[in-house]
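Spelled out from the first residue to the last, the chains are:
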Amino acid sequence: MIQFQFERASTVKASVNAMVNNGNARFIAGGTNLVDLMKRNVMTPTKLVDINAVPLKDIQQKNGVISIGALALNSQVADNKIIQEKYPLLSKALNAGASAQIRNMATVGGNIMQRTRCSYFYDTTLPCNKRQPGSGCGALDGLNRMHAIFGTSKDCIAVHPSDMCVALVALDATVVVAGPKGERRIPFEEFHRLPGSQPAKDNTLQNNEMIISVEIPDNEFNKNAHYFKVRDRASYAFALISVAAALNMDGKVIKEARLAMGGVAHKPWRLKEAEKSLVGKQATEEVFKQAAEIAMQGAKAYKYNAFKLKLGPNVIVEALKNAAGLV
Amino acid sequence: MDDTFFDKKDYKPLDRVDGRMKVTGAARYSAEYTLPNLAYGVLVGSTIAKGTIRSIDSKAAERAPGVIAVISHQNVIEVPGYQPDATQSTEPKVGGGPLRVFYDNKVYSNDQPIAIVVASSLEKAQYGASLVKVQYNKEEHITDFEANAGKAVVAAAAKKNPKSPTADYDRGQKDAFQTAPFKVEAEYVLPTEMHNPMELQAITAHWEADDKLTIYDKVQGTKTTQKTFAKEWAIPDQNVKVIATFVGGAFGNGLHSWPHESAAIIAAKQVKRPVKLVLTREQMFTMVGYRPRTWQKIQMGATKDGKLVAINHNSIGQTSVYEEFTESTLAQTRMMYASPSVSTRYRLLPLNVATPIWMRGPGEATGAFALESAMDEMAHAIGMDPIEFRILNYTESDPDKNMPWSTKFLRECYEEGKKRIGWENRKLKPGLLRDGEWLVGYGMGTGTFGANRGPATIHAELNKDGNLVMHCAITDIGPGTATAMVQIASNTTGIATEKIVFHLGSSEFPNAGLQGGSSTVNSVGPAVQAACNALKQQLITMAAGKNASAFGSAKPEDIMLDQGNMQITGNMSAKLALGDLLKQNNVEKIETTQESKASENGKQYSMNAFSMHFAMVHVHPLTGQVRVKKIVCCADAGTIVSPKTAESQMIGGATGGIGMALMEDAVMDHRFGRYVTKDFGDYHVPVHADVPDIDVYFVNKPDLLADPVGSKGLGEIAIIGVAPAIANAVFNATGKRVRELPITPDKLI
Amino acid sequence: MNKNKTTGKSEEEENHESRRDFLKTTSILTAIAVSPVAVSKAAEYNLGEKINHALETTPVNLTINGIKKQLAVEPRSTLLDVLREQLNLTGTKKGCDYGQCGACTVHVNGQRVLSCLSLAIMQDGKQVTTIEGLSKGDELHPMQQAFIKHDGFQCGYCTPGQIMSAVACINEGHAENKEDIKEFMSGNICRCGAYPNIVKAIQEVKNGGQKI
């Protein structure tokens, strides 16, 4: 690891100020992703700003939303009684990610900011446009079993690795960020971006901005929500494909639906057309299959991830069946 | 014959004797010794898979704070034991030798160690290593197994000796397969798998004098390591001290001496300070061996009533271009079943990769995946229960060696395992059983491994406090060697286990071989027995010499040892504590050194341990997820000396088998010759959630032809047969036959 | 702790003081202290390892196993490396160094965390408990006893991490049943495969109901 300057900030303002005029400075909170990347020289910030003392840990209900501080720990959110009762999808998604120890360290903000686990991104001797713009995408013609099927570009086919974010995008969350000019609010779906020709940029956050909270509007999805994750072992592995499914049911009829996928794109992948197709329908396997078919439109496979075209709709159906209580 | 080694009624399974040290963090592993003036080494690996190093620019690294030296072929001191190129084949169809680290500018595989940065702290050495810039003359590498399988060659050993186990083998009729009424012909692929013990490979090298070396090293044999480095530095064996008191798992990768060990020793010599070198997890994939990728093809023929008529089994395993590695992939096929006709062909494919090394169950586990899958395929083709099919082809003697078995209780394993797994619930036709959404399947696989007893020596002493202290150079990578030896000693002498200490893991102690090939209990155990019997004899002589006491007048054969006391059969009132006997004779301690030799019985008997693994799995039909719900392991391993640790060893083997079957896969990008799955995030090994209850049954009948303890070895048969048991269970659940491991969800949807 | 024979001070105290002295007297470098540039400059000017060390390190106060320690650490040093290499507390193990195996699990302020992904400098003022601090003198912690009883280990390398994780697993309320235990212990890899025995050990301690 390279040497770096280390500073502590205890207010949002001081944190943001510490970033000014230093494009190679980074915030650090849990450090579970950044320290790993620094050890492998994938990221080499010359300055770290420790923001753990900034008071952003609270989870509070207010005016039709629940606001989760950016520094709330993943385990704290997953175990929070209000979250478990009113937003079980989020709790389930959190517990499907990483390990108990990592969830005790990782923050909500850090989870949102985590970087792809693409092997080519991680090995500094291999080409990767995200790590080193212009070096090429190693995965495009390489070993891309874990890679994206939606929204790819010729420059990057990496996936966003988070489980939590799949639930948050499904639940219409908003990311609240602070910068030198004050706060702004970014709908979760617009926070992460597709790689296009600039895969180095994971999201729309500016370098001198910091996430201060995530807000989720009140909803009626708490009775029928499920997070279904398929991975190469039973726990502690990144998703091949995961699906967050939440339904608002009136008897057997679906009033509202929320669907999002993980492990398929450079961002948590919201499936709005599929959601629409479910509204007003009876919750049956047949209906879910139709929704899954709609969801998969536009998917494109590479040499080693063609199985995701088949696995994807199956996981959507399974997630919906579980959410609807059909299993 | 007694049923068990431990026939005493009051016998209780013993807790691990080193348990307390392990649960308190007091156990010290190779990277945990504090030495004055210790420096830290970090290796720089090549970033090409073949070519030569044009230049190494180490200026920036050398300038970095705390960096003491950057050592590469450009500035390395002479290593006297490195053999020149003439004997080191650089394009070895065959033969070759270990990589000579920093010897020259040649690169044979990606991430080959090409320099070591030594610094005053770990962080500084790591940073220094990142600053070393290397220029190469790149050459076209060959790493793609499938694309180059045609280049496979006969092993050197087979060329030299037609009786070598790797030589071509034929018995019976050549066309037996072609004319068989039922045929199975299939290809099986086992990917490269990594030992990945939890402890990173580590060495602390310390030159205590110019010709005197001490290494704290993660190895499976202290004596072999001592010899290797004594030779490498042209110094007498006794000038090299190898300490491996605790070894944090190894599974075979400590059976070879590796470049990083040489690098640390060179560095310590060159900077004149002790050097500690711990590999990174990525380097564990490229520098310390692995289970080689292996392609196999089986042709199996049988009659409609389930009699095997032919098995043809070919295999190709990969090795490096500089060193030949062979394993017994095909041994099981030649001796397991009563097939009149058997042919085997073993070939090696040299690639621009590092040298493989035996990984738990080594070749037998690889071969068993193909053989036991094919047996299942044949049973299915005939429409027969796979256990019945195996029993129909059961062998009462070794058809390969034409010798009787020393012992074989595999039939007992079939019967007991069937009951425990609930085999009666299995359906002959696949895909019929369900539990909710999940498909349910049952499968089984057989394993076998040679009972290989080697020589070992024990020094034992009994002191006047009644404590028995033994020493042996053997290592312990986790099975519980000291625990087993304490139990053997206690059983032999009647001294309570808490009064017995077994010291191991140092080349300073009396000779023992490697801890590998399931050979520890059956090699070291007899030496412990011999040493204890010798001490016993000394005690009896000493007691008999005391004319005044009851012991003086007793016949020597009536004198016995029990609970740390000497007693006379038929005269319970005469009782003398062993320590008191020594005190009365004014003796501080009595001692002995006893050697136990390799077994000669192998010339007349085929000596093997056997295992039978049963698996019950759930498969999710839509998502392809496999969950192993239960495993039953049955072992005919001879005497079970230490039931508690032996059971754990079987559970561990089954867990390794779950990894093999369902998730382990070192994947290489052949454009670069570099692994893309090279840490625990990408290379999956089983976690808690993957492992069900594992039920272990031991036949526990001694094999006294194998060795006086009666043990046949356990470590290997614990894993051999597990992967095919799971693969066969997946077939039974789904009707899908996966012939290329691992069975990941994508292969089942 | 190593004490300097002539001054009677520990190395850490000396380092700390030499840093202070150095900073007092060299005002130019004070301004850019703890920046990488200053450090490499110091090396180039051959200012000596001690001064380098003073420049590179920052004081950190930690309570480790109940004992207060003032350490001088580089910002890039992980808690794991500080425990193992500076404090000789080698019970905490390095199995992967990337947060993928759990061997380095310790408790920080009572929570189980991975010391390999924790920068030591960020633990300033915190309470750290390692495996060495779990037992009360010679009396083993119930979890340590249960691991021995159920043979919850073989090579022993993942064991300290498993035990630290297991204690936390119960305290978090994630050991209600076998499936829960397996899921919430999945961050601790055991390559020897002692999992079923570890689960038994945890269940026994959980059912024993002792305060742990």
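Just so you know, these numbers come straight off a predicted model, no measurement behind them.

## Structural notes on the overall build of chain A
Point 1. Along the backbone of chain A there are 13 helices and 12 strands.
Point 2. Relative to the globule expectation of 20 Å for 327 residues, the C-alpha radius of gyration of chain A, 19 Å, shows essentially globular dimensions.
Point 3. With respect to the principal axes defined by its C-alpha atoms, chain A has extents near 60 × 50 × 35 Å.
Point 4. Expressed as a percentage of the 327 residues in chain A, the buried residues total 65%.
Point 5. In chain A, of all internal contacts separated by at least 6 residues, the share reaching a separation of at least 24 is 64%.
Point 6. As presented, chain A carries roughly 11800 Å² of accessible surface, and 49% of it is formed by carbon and sulfur atoms.
Point 7. With 41 positive and 28 negative side-chain charges, chain A shows a separation of 4 Å between the mean positions of the two kinds.

## Let's talk about the interface of chain C and chain B
Point 1. Listed by partner, the interface residues are 58 residues for chain C and 63 residues for chain B.
Point 2. Between chain C and chain B, the buried area comes to about 5000 Å², and carbon and sulfur atoms account for 53% of it.
Point 3. Looking only at chain C, the three residues that lose the most surface to chain B are Gln154, Arg191 and Tyr195 of chain C, adding up to 17% of its buried area.
Point 4. There are 8 salt bridges connecting chain C and chain B.
Point 5. Among the ionic pairs, lysine 124 of chain B bridges to glutamate 56 of chain C, the shortest N-O distance being 2.8 Å.
Point 6. Seen at the junction of chain C and chain B, the total is 35 residue pairs in polar contact (both at pLDDT 80 or more).
Point 7. Those elements giving two or more residues to the side of chain C that touches chain B turn out to be helix H3 (36-44), helix H4 (49-56), helix H5 (79-86), helix H6 (142-149), helix H7 (159-171), helix H8 (178-184) and helix H9 (195-208) of chain C.
Point 8. Among the residues forming the side of chain C that touches chain B, the class breakdown is 23 nonpolar, 16 polar and 19 charged.

## Some words on the state of the cysteines
Point 1. Overall, the coordinates contain 0 disulfides over all chains when judged by the stated rule.
Point 2. Free cysteine: cysteine 165 of chain A, not disulfide-bonded; nearest cysteine sulfur from cysteine 156 of chain A at 16 Å.
Point 3. With relative accessibility at 0%, the residue cysteine 165 of chain A sits in the buried group.
Point 4. Free cysteine: cysteine 104 of chain C, not disulfide-bonded; nearest cysteine sulfur from cysteine 116 of chain C at 3.8 Å.
Point 5. Accessibility expressed as a relative area gives 4% for cysteine 104 of chain C, which makes it buried.

## Quick word on the interface of chain A and chain B
Point 1. On the chain B side, the residues contacting the 35 residues of chain A number 34 residues.
Point 2. Summed over both partners, the interface of chain A with chain B comes to about 2800 Å²; 59% of that surface belongs to carbon and sulfur atoms.
Point 3. The largest share of the area that chain A buries against chain B comes from Leu143, Arg233 and Ala234 of chain A, three residues that together contribute 20% of it.
Point 4. In this structure, the connection of chain A to chain B is made through 6 salt bridges.
Point 5. In this structure, arginine 40 of chain A engages aspartate 679 of chain B in a salt bridge whose closest nitrogen and oxygen atoms are separated by 2.7 Å.
Point 6. Across the contact surface, chain A and chain B share 14 residue pairs in polar contact (both at pLDDT 80 or more).
Point 7. Secondary structure elements with two or more residues in the side of chain A that touches chain B: helix H8 (119-122), strand E9 (224-230) and helix H13 (307-324) of chain A.
Point 8. For the side of chain A that touches chain B, the element with the most residues is H13 of chain A, which contributes 7 residues.
Point 9. In the side of chain A that touches chain B, the residues fall into 16 nonpolar, 8 polar and 11 charged.

Rules and cut-offs
Residues numbered from 1 in each chain as written. Chains lettered and ligands numbered in written order. Predicted model: local features only at pLDDT ≥ 70, side-chain atom pairs only at ≥ 80, totals over all residues. Heavy atoms only, no water. Helix = DSSP H or I, 4+ residues; strand = E, 2+ residues; numbered from the N terminus. Rg over C-alpha atoms; globule rule 2.2 N^0.38 Å. Buried < 20%, exposed > 50% of the residue type's maximum accessible area, 1.4 Å probe, protein only. Contact = heavy atoms within 4.5 Å. Areas by Shrake-Rupley, 256 points an atom, 1.4 Å probe, with all protein chains shown as cover. Lys, Arg positive; Asp, Glu negative; His and termini not counted. Charge placed at Lys NZ, Arg CZ, Asp CG, Glu CD. Buried area = accessible area lost by both parts, 1.4 Å probe. Salt bridge = Lys/Arg side-chain N within 4 Å of Asp/Glu carboxyl O. Polar contact = N/O pair within 3.5 Å; in protein donor to acceptor, adjacent residues only side chain to side chain. Nonpolar A, V, L, I, M, F, W, Y, C, P; charged D, E, K, R; others polar. Disulfide = S-S within 2.5 Å.

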